[in-house]
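Fold and geometry: a report
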Amino acid sequence: MKKALVISGGGSKGAFAGGVAEYLLKVKKNNYDLFLGTSTGSLMVSHLSLGMINELKELYTNVNQESIFSNNPFRIKKVNGEKVISIKHINTLWNFMNGRKTFGESRNLRRLINENITEKMFHEITQRNKEVVITVSNLSTSQVEYKSSKNQLYLDFCDWIWGSCNYVPFMSLLEKNGQQYADGGFGCLIPIREAIERGATEIDAIILETEVTQLNRMPAKNPFSLLMDVQEFMMEHVEKHNITIGKLYAKQRDVKLNLYYTPTVLTTNSLVFDAEKMTQWWSSGYHYAQKRNDENTSEFRPDILER
């Protein structure tokens, strides 16, 4: 029997996934052999494979815009108490003048990955006989690729994690081996099928969207916000397709599939990294998983059978 934990993309919403994973690993004592992640999920799976929950929580509840962007294309301001995002035109102009291919740069994230996913951790994953798989989108070949810790060198593995997280054109483009790579979510937002292909017989999948659409977006006000809305639209439909295919595969292969959605809309822009909100989302994820487990447990009543 091979168990897998799969975490979808979702930017700052990854904090919610962290709370769910904490409950599954610490309270339910789930022992996973395989860990797959896309985008923010790819940032989490190395720590989770080693049971480093506290370290991951420290990372996800203290990160901010400066932790991610070396050239931040966004301006964030408060309107009626809510954070609203717009484009910082000077920064995007600087990128264009310097021949960059994207509106912003996320090299600080690359450094953050090296600092928090160490070479020692990378080798320990193999020593514990765990497998960590990162999803990336190869824009040069129009293919989704899955990079396993079992056949990568440490620095390459860090590159793939960074590439998987880069939501282009707002973040850096990974250029590696003569090809261009970007956010894994453009091709596969929740790699359930890949987990099954790798032999998983039971899967816990954390999906950083609500199960039923609960959002009616505000009209776009400029080309940049329109571009973000279009990308979000496409990725939502990629995710639904991934889940449908995953469910079908699970049924065909007799795989137990447990899906954990967010119960409410957490944010309309997952590229805003607010430490206070992410701390709340982590706690929400933990209590959501706890509540769901309690509800599932209450469905089975041994005392009824004894009567």
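Above this text sits the structure in question.
Read on for a plain summary of the structure.

Quick notes on the environment of G104
Mapped onto the fold, G104 is located in the loop between α5 (89–97) and α6 (107–116). Residue classification places G104 among the buried positions, given a relative accessible area of 0%. Note: C-alpha distance between G104 and N71 (33 residues apart in sequence) is 5.3 Å. The residues touching G104, leaving out its near neighbours within four places in the chain, are N71, P73, N95, P169, F170, M171 and S172.

Re the pattern of salt bridges
Per the counting criterion, the structure on display carries 15 salt bridges. When salt bridges with common partners are traced through the structure, they connect R110, D156, D159 and K176 into a single cluster.

Some thoughts on the nonpolar core
Formed by 65 residues in total, the largest nonpolar core has its most connected members in L5, L48, Y60, L109 and I206. For this core, the element with the highest residue contribution is helix α1 (residues 14–27), accounting for 8 residues. When near neighbours in sequence (up to four residues on either side) are disregarded, Y60 contacts G14, A15, T40, L43, M44, M278 and W282.

A closer look at helix α8 (residues 154–165)
Along its 12 residues, α8 runs 17 Å from first to last C-alpha, staying within 8% of the 16 Å computed at 1.5 Å per residue. For α8, a buried count of 10 out of 12 residues is recorded, marking the element as mostly surrounded by other parts of the structure. Those residues of α8 lying buried are Y154, F157, C158, D159, W160, I161, W162, G163, S164 and C165.

Section: unusual backbone geometry
Residue P169 is bonded to the preceding V168 through a cis peptide linkage, with omega at 10°. By secondary structure assignment, the location of P169 is in the loop between α8 and β7 (174–176). A positive phi angle, close to 60°, is found at N129, a residue other than glycine. On the secondary structure map, N129 appears in the loop between α7 (119–127) and β5 (131–138). For D254, which is not glycine, the phi torsion reads 60° and is therefore positive. Since its relative accessible area comes to 71%, D254 is described here as exposed.

Points about the side chain of K147
You can see K147 is positioned in strand β6 (residues 143–148). According to the relative accessible area criterion, K147 is buried, its value standing at 13%. Among the polar contacts made by the side chain of K147, one reaches the side chain of E145 at a distance of 2.7 Å. Among all residues touching K147, those that are not within four sequence positions of it are V132, V133, I134, V136, Q152, F157 and W160.

Comments concerning the packing of helix α2 (residues 40–49) against α8
With their axes 7 Å apart at the nearest point, α2 and α8 run at an angle of 145° to one another. The segment α2 lies against α8, with T40, S42, L43 and S46 engaging F157, I161, S164 and C165. Of the residues that constitute the contact of α2 with α8, the class distribution is 4 nonpolar, 4 polar and no charged.

Section: helix α10 (residues 223–253)
Its 31 residues place the ends of α10 45 Å apart at the C-alpha level, agreeing with the 45 Å of an ideal helix rising 1.5 Å per residue. Considered for burial, the residues of α10 that qualify are F224, M228, Q231, E232, M235, V238, E239, N242, I243, G246, Y249 and A250. Positive backbone phi, approximately 60°, marks D254, located one or two places after α10.

As for the pairing of strand β2 (residues 34–38)
Within β2, 5 of the 5 residues are buried, leaving the element largely enclosed by the surrounding structure. Sheet topology note: the strand β1 (residues 3–7)/β2 ladder contains 4 bridges and is parallel. Paired with V6 across the strands is L36, a residue of β2. On the question of chirality, the crossover connecting β1 to the parallel β2 by way of α1 is right-handed. Strand direction decides the pairing type here: β2 and β5, joined by 5 bridges, are parallel. When the sheet's bridge partners are listed, L34 is paired in β5 with E131.

Each value, and the rule that gives it
- Residues numbered from 1 in each chain as written.
- Predicted model: local features only at pLDDT ≥ 70, side-chain atom pairs only at ≥ 80, totals over all residues.
- Heavy atoms only, no water.
- Helix = DSSP H or I, 4+ residues; strand = E, 2+ residues; numbered from the N terminus.
- Buried < 20%, exposed > 50% of the residue type's maximum accessible area, 1.4 Å probe, protein only.
- Contact = heavy atoms within 4.5 Å.
- Salt bridge = Lys/Arg side-chain N within 4 Å of Asp/Glu carboxyl O.
- Core = buried A, V, L, I, M, F, W, Y, C linked by side-chain atoms within 4.5 Å.
- Expected span 1.5 Å × (residues − 1).
- Polar contact = N/O pair within 3.5 Å; in protein donor to acceptor, adjacent residues only side chain to side chain.
- Axes fitted to C-alpha atoms, helices over the stretch in contact; angles between N-to-C directions.
- Nonpolar A, V, L, I, M, F, W, Y, C, P; charged D, E, K, R; others polar.
- Pairing = 2+ DSSP bridges.
- Right-handed = clockwise from strand over helix to strand, strands pointing away.

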